[in-house]
Protein chains: 2
Amino acid sequence: MFSIGEMARRSGVKAATIRYYEQIGLLEQAGRSHGNQRRYGRDELDRLVFIRHARDLGVSVPAIRELIALSGDPQRPCAQADRIASAHLATIREKIARLKRLEAELERIASCKAHTVGECYVLRALGEHDLCEGEH
Amino acid sequence: MFSIGEMARRSGVKAATIRYYEQIGLLEQAGRSHGNQRRYGRDELDRLVFIRHARDLGVSVPAIRELIALSGDPQRPCAQADRIASAHLATIREKIARLKRLEAELERIASCKAHTVGECYVLRALGEHDLCEGEH
DNA sequence: CTACAATCTCGAGCGACTAGAGCTTCAAGA
DNA sequence: TCTTGAAGCTCTAGTCGCTCGAGATTGTAG
C-alpha cells in the first residue's frame, strides 16, 4: 500500500496533481486509510505511470482518457489506439516544423549588431510586416 | 481612424484579444468615438502588429512588455533586447530537441502491428517504465 | 427612419495544473 | 504513552493567454 507521497516519488507526479487526476476522473477514487488518507496499490501506480508517460509525450488528458477506456477492453481491435497515437505524431511533427521556422527567423533577428535600441533589428524586425513569409 | 474590427482585420488579432491586450496594459487605452467605441491610429496598429509577430514567434506577454518598454527609449543600448531574443531562441531550441525525442518515441510506439488492444504496443509502451531513456 | 452589423461591458470558462491556508493524521523516537 | 514534525487532508484561488456569450448600445447604408 502506497501513500500519495510514495506514489508521487515513484511516478514523478506531484501529490497535488495526483489529487487533481482523481478529481477529473483520470484516476479512480482512491481507497482511504482509517484516518482518511489515500492508499494505493500496484495497479494504481501502473496507471499513474502510464498517464505520466503519455503526458510527457504531450498527449492531452481527453486522449489519455480514451486510451484508458480502450485498454479496459483487451479484446477490442487496437486500430483506435493506433489512430490516437498517429494523430498525435502528426501534430508533433507540425509543431517541430513550425518551431524550426521560428528558430530560423529568431536567429536572423537575434544577431543584432546595433548599439542602441533605436537602430536595433530585434525591435524593427518584429514591427515590420514584409518580413513575414505569407503566414498572415 | 480604425475601428476595432478594422484593427482586427489588418493585424489578424481578434477584436476580443485586442480588448484583452488593452486590459492587461499591452496596448494603451484606446481613444473613443462619440458613442464610446474604440478608435485607433497608425501607431496603434503598428504596435499591435509588433505584438502579433512576437506572439507568433512564441514570445511571452511579459517579454513583449519588456521589449515595448525598451523601444520606448531609443537611446538605450540594445543589448537587453538582444538578450531577450537570444534567451527565447534557446528555449525554442530546447523545445525542438525535446519534440524530436518525442517524435522518435511515438514513431516507435505508433507502428503497432497487433490486432487487439490486449497485445497493443501503444498501450503497453506507455505503461512500461524501462522504455524510458532515463528522463525520470 | 429603419435595419442590421458592429461594438460595448462584464463575467465566466478553457487546459492542466500549482500554491496556499488551516486543519488532521501518521510514524518514529524518548 | 506521549510528543513532535512531516505528511496528508479539503477548499479556494491563481496561473497564462486568450475566447465566448449575454444583453445592451452605436454606427451606417439604403
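Note that this is a predicted model, so its numbers are computed, not measured.

### Focus: the environment of Ile84(B)
Residues and elements named next belong to chain B. Tracing the sequence through the fold places Ile-84 in helix α5 (residues 79-110). What makes Ile-84 buried here is its relative accessible area of 10%. For Ile-84, the residues in contact, after removing those within four places along its chain, are Ala-63, Glu-66, Leu-67 and Leu-70.

### Observations concerning the protein's contact with DNA strand D
As a matter of local geometry, DNA strand D sits amid 19 residues, with Gly5(A), Arg19(A), Arg38(A), Tyr21(B) and Arg55(B) nearest to it. Here the atoms of DNA strand D within 4 Å of the protein split so that 90% fall in sugar or phosphate, with bases taking the remainder. Taking Arg19(A), its side chain carries an N or O atom lying 2.8 Å from a phosphate oxygen of DNA strand D. One nitrogen or oxygen atom from the side chain of Arg32(A) is found 3.2 Å from a phosphate oxygen belonging to DNA strand D. Sorting elements by how many residues they give to the surface near DNA strand D places helix α2 (residues 15-23) of chain B first, with three residues. A class-by-class count of the residues in the surface near DNA strand D yields five nonpolar, nine polar and five charged.

### Structural notes on unusual backbone geometry
Phi is positive for Asn36(A), which is not a glycine, with a value near 75 degrees. Looking at the secondary structure, you find Asn36(A) in the loop between β1 (31-32) and β2 (38-39).

### Quick notes on helix α1 (residues 4-11) of chain B
Residues and elements named next belong to chain B. Among the residues of α1, Ile-4, Met-7, Ala-8 and Ser-11 are the ones counted as buried. Seen along its axis, α1 keeps its buried residues to an arc of 100 degrees; they face one direction. Where α1 is buried, its residues touch α2, β2 (38-39) and α3 (42-56). Within two residues after α1, Gly-12 carries a phi angle of roughly 80 degrees, on the positive side.

### Brief notes about the packing of aromatic side chains
Residues and elements named next belong to chain A. A full pass over the atoms with the stated rule returns two aromatic pairs over all chains. Arranged with centres 6.0 Å apart and planes meeting at 45 degrees, the rings of Tyr-20 and Tyr-21 form a pair that is tilted. Taking relative accessible area as the criterion, Tyr-21 reaches 8% and is therefore assigned buried.

### Quick word on the protein's contact with DNA strand C
The full set close to DNA strand C counts 20 residues, and Arg55(A), Ser3(B), Gly5(B), Arg19(B) and Arg38(B) are the nearest of them. With respect to DNA strand C, the backbone of Arg38(B) contributes an N or O atom lying 2.7 Å from a phosphate oxygen. Only α2 (15-23) and α4 (61-71) of chain A together with α1 of chain B provide two or more residues apiece to the surface near DNA strand C. Ranked by residues supplied to the surface near DNA strand C, first place goes to α2(A) with three residues.

### Some words on the environment of Lys100(A)
Turning to its location among the elements, Lys100(A) is positioned in helix α5 (residues 79-110). Excluding residues that lie within four positions of it along the chain, Lys100(A) makes contacts with Ile96(B) and Lys100(B).

### Considering the pattern of salt bridges
Pairs can form between side chains of opposite charge whenever their charged atoms are close. All names here are of chain B. Considering all chains together, one arrives at 12 salt bridges over all chains under this definition. Put simply, Arg-42 and Asp-46 hold a salt bridge, and the shortest N to O gap is 3.4 Å. Of this pair, Arg-42 and Asp-46 are both found in helix α3, four residues apart, which corresponds to roughly one turn of the helix. Residue Asp-56 is joined to Arg-52 by a salt bridge in which the shortest nitrogen-to-oxygen separation is 3.2 Å. Taken together, the positions of Asp-56 and Arg-52, both in helix α3 and four residues apart, correspond to about one turn of that helix. By relative accessible area, which is 23% here, Asp-56 ends up partly exposed.

Calculation criteria
Throughout, residues of each chain are indexed from 1 in the direction in which the sequence is written. Just so you know, chain letters begin at A and ligand numbers begin at 1, following the order they were written in. Restriction of local features to residues with pLDDT of at least 70 applies here, the model being predicted, together with a cutoff of 80 or more for giving and counting side-chain atom pairs; totals for whole chains, interfaces and linings are based on all residues. Hydrogens and water are ignored here; the side-chain numbers use all heavy atoms of the structure. Helix and strand definitions here come from DSSP, where helices need a minimum of 4 consecutive H or I residues and strands a minimum of 2 consecutive E residues; each element is numbered from the N-terminal end. Burial status follows relative accessibility: with a 1.4 Å probe on protein chains alone, a residue under 20% of its type maximum counts as buried, one over 50% as exposed, and anything between as partly exposed. Whether two residues touch is decided by their heavy atoms; if any such pair falls within 4.5 Å, the residues are in contact. We call a residue near a molecule or strand when any one of its heavy atoms sits within 4 Å of it. Under this definition, polar contacts are N or O atom pairs within 3.5 Å; protein pairs additionally need one hydrogen-donor-capable and one acceptor-capable atom, and for neighbouring residues in sequence, both atoms have to be side-chain atoms. By the convention adopted, Pro, Cys, Tyr, Trp, Phe, Met, Ile, Leu, Val and Ala count as nonpolar, Lys, Arg, Asp and Glu as charged, and the other residues, Gly among them, as polar. Here the arc refers to the directions that run from the helix axis out to each C-beta atom. Here the aromatic set is Phe, Tyr and Trp, taking the six-membered ring for Trp, and pairing holds for ring centres within 6.5 Å; pairs whose planes are under 30 degrees apart are stacked, those over 60 apart are edge-to-face, and all others are tilted. The salt bridge criterion pairs a side-chain nitrogen of Lys or Arg with a carboxyl oxygen of Asp or Glu, the two atoms within 4 Å.

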